[in-house]
Amino acid sequence: MKNYIEANSHFIIKFLASLLVAILLPLFIKTPFPLHVMILICIWAIMGMGWNFIGGYAGQVSNGHALFYGIGAYACGIGMKNFNASPWITMWVGVIISIGVAFVLGAPLLRLKGHYFALATMAIAECGRIIFLNWNYVGGATGVDFLNKAEPGWYTLQFTSKYPYYYIFLTFVVLILLLTKGLDKSKFGYYLRAIKANEDSAQSVGINTSRYKLLAFMLSAGVVSLAGSLYANYLQYIDPSIVMPLNVSMMICLVTVMGGIGTVIGPVIGAIVLTVISEYTRATFSSISGFDLFIYGALIIIIVLFLPNGLISLFRRKQKIRILTPLEMEERMR
Amino acid sequence: MNSILEIKNATKKFGGLIANDNITFSVQEGEIVGLVGPNGAGKTTLFNSVSGAHSLTSGQVVFNGEDITKKKPYEICKLGVGRTFQIPQSLNEMSVFENVLVAALNRHGSISVAKEHTQKVIAMCGLASFIYMHAGNLNVMQKKRLEIARALATEPKLLLLDETMAGLSGVERKEAINLIQRIKISGITILMIEHVMEVVMNVSDRVVVLTSGRLLAEGTPEEVTQNQQVINAYLGGMTN
Ligand SMILES: Nc1ncnc2c1ncn2[C@@H]1O[C@H](COP(=O)(O)OP(=O)(O)OP(=O)(O)O)[C@@H](O)[C@H]1O
Ligand SMILES: [Mg+2]
């Protein structure tokens, strides 16, 4: 434990400092819009961190995670509307369903490599959206409206103020961040990186690559599903074009790639920057239709051009090719 | 002594090309066997069949009494076969230390125990000064040494080395021979593909010669070098 704290003192300090800022910041905000943006940042951060397990650590770029986002959202929506079930329970039902779907789809999909996997996941998610669009039980294209003003509170996870949403979502961000941090330097984390680097090589040192890819896919599906559940409760109205469109799948991927793929805090940084840019350009340029997207796209291109390893590289010193001297060697190898 | 590896009637075809043609031989526990033959003889193909990278067209591979013909590479590694690749397959975006650590996790669930083991293997292979370097930044020689380290870190009973000494200078070659002898002393059986005749004849207990996919000769280094067929087919042009 003591060793762990020493080795991670940088992370712990930065983590606690940012957490303090995240907790205190809303107290200085008097208008609803910035708080709305912060809530969205939490949602995207959870999504990015979820996608990061399969897309970042394991290097299998999925373009279909909106499927799990949708499943999570519908689990809460239908649960509340038809069964009056608390989101605190239905969000876990959604997680279990998403993990199950990922398990069934993952086995065949993960055999595909590179672009083929990306295309296949995209196609599957589109199929999912069309199924929901034509499925009467879940409201089809009209969606599910489960605004439950009569009884706002903890049971329904519906509040009249935005503050409770923010703090609840922030808690989830923190938990999933800590989960990622724990897995980052674990056997699981190392195995996923090895698979990303070279699958044949990974197999030759005893890694059951299909099994670990499947585990990563299931984990990432579960986390993204949670984000869907939380978002649905914030919006209190969902339909397939809100929670399952292609651009949600793209955005999940973008948040992580922008922030720093395969890193612990990359997706959080990506979520902050992208959400702020997207929401504020939309608010600022609302009079000229499409102009916000133009600015958004231009900014993304600039970031990608200058920081190909993501925004996280701004915070990291460049690693030089470093050969140790005999003395250092002695020290390290003791 | 018992056979640790038995290759029985191994045949591997790539379309019309017969890369391995009905090859049968075995490796005894504790020995070093050299596998030699001209370019394209089918040596690497045989390694791939043993390590599970591809499956044989017909024939059988038995490791430690167990049929591994149809097994996957990671299962074969778990059973105790470590291999290197002729073209190094290091994990380029990861550090040298992490490359070996990933392999060490094969037998150790705990990261801290695996790290201790990693340090021993790295020291043994003379890679200690590179631990923080990304494997992608190593030169070919260093990558080959990393290949050996990764295979060793999985704690194999049998080690398959595919041309790990090609291109080494005299001194480096001596170091490498020394490393191989230390590996043998630690109780690991070695089957090695090598073009450098000086090395093969020095360290091998037995030599197996392949040409055009077929087994040409098998025996001690002396027997093989005196075999007229071998001299005609292969050594005559090589030793000088
Ligand atoms: N995956 C493959 N597909 C098709 N042909 C292959 C494949 N792998 C090897 N071959 C062919 O099989 C033959 C044997 O190749 P192999 O790599 O086993 O030779 P080698 O003895 O290792 O030669 P070298 O000393 O050059 O490494 C060659 O003709 C090669 O072109
Ligand atoms: Mg070869």
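See above for the structure.
To start, this report covers the structure provided alongside it. All values derive from a computational prediction rather than experimental measurement.

**With respect to the site of ligand 1**
All names here are of chain B.
- With respect to spatial proximity, 13 residues lie near ligand 1, and among them Asn39, Lys43, Thr44, Thr45 and Gln86 are the closest.
- Within the contact set of ligand 1, an oxygen atom lies 2.7 Å away from a side-chain nitrogen or oxygen of Thr44.
- Listed by contribution, the elements that provide at least two residues to the shell around ligand 1 are β2 (17–28) and α1 (43–51).
- At 3 residues, α1 tops the list of elements feeding residues into the shell around ligand 1.
- Broken down by class, the residue content of the shell around ligand 1 amounts to 4 nonpolar, 7 polar and 2 charged.

**Examining the pattern of salt bridges**
All names here are of chain B.
- Counted by the stated rule, this structure contains 13 salt bridges over all chains.
- Across the pair Glu66 and Lys71 runs a salt bridge whose closest N-O atoms are separated by 3.8 Å.
- Judged by relative accessible area, which is 34%, Glu66 ranks as partly exposed.
- Measuring nitrogen to oxygen at the nearest pair gives 3.1 Å for the salt bridge that ties Asp205 to Lys184. Here the residue Asp205 occupies a position in the loop between α7 (197–203) and β9 (206–211), and Lys184 occupies one in helix α6 (residues 170–185), the gap between them amounting to 21 residues.
- Asp205 sits in the partly exposed class, given a relative accessible area of 31%.

**Looking at the environment of B:Lys157**
All names here are of chain B.
- Mapped onto the elements of the fold, Lys157 is located in the loop between α5 (140–153) and β7 (158–162).
- The spatial distance from the C-alpha of Lys157 to the C-alpha of Phe63 is 9.9 Å, given a sequence separation of 94 residues.
- The contacts of Lys157, once residues within four sequence positions are left out, are Ile4, Phe63, Asn64, Leu79, Gly80, Ile188 and Thr189.
- Side-chain polar atoms of Lys157 contact the backbone oxygen of Leu79, separated by 3.2 Å.

**Remarks on unusual backbone geometry**
- Even without glycine at this site, A:Asn84 takes up a positive phi of about 55°.
- Examined against the element boundaries, A:Asn84 turns out to sit in the loop between α4 (66–83) and α5 (87–109).
- The partly exposed category is assigned to A:Asn84, whose relative accessible area is 36%.
- A positive phi angle, near 55°, is found at B:Asn64, a position not held by glycine.
- Structurally, the position occupied by B:Asn64 is in the loop between β4 (58–63) and β5 (66–67).

Criteria and cut-off values
- Residues numbered from 1 in each chain as written.
- Chains lettered and ligands numbered in written order.
- Predicted model: local features only at pLDDT ≥ 70, side-chain atom pairs only at ≥ 80, totals over all residues.
- Heavy atoms only, no water.
- Near = heavy atom within 4 Å.
- Polar contact = N/O pair within 3.5 Å; in protein donor to acceptor, adjacent residues only side chain to side chain.
- Helix = DSSP H or I, 4+ residues; strand = E, 2+ residues; numbered from the N terminus.
- Nonpolar A, V, L, I, M, F, W, Y, C, P; charged D, E, K, R; others polar.
- Salt bridge = Lys/Arg side-chain N within 4 Å of Asp/Glu carboxyl O.
- Buried < 20%, exposed > 50% of the residue type's maximum accessible area, 1.4 Å probe, protein only.
- Contact = heavy atoms within 4.5 Å.

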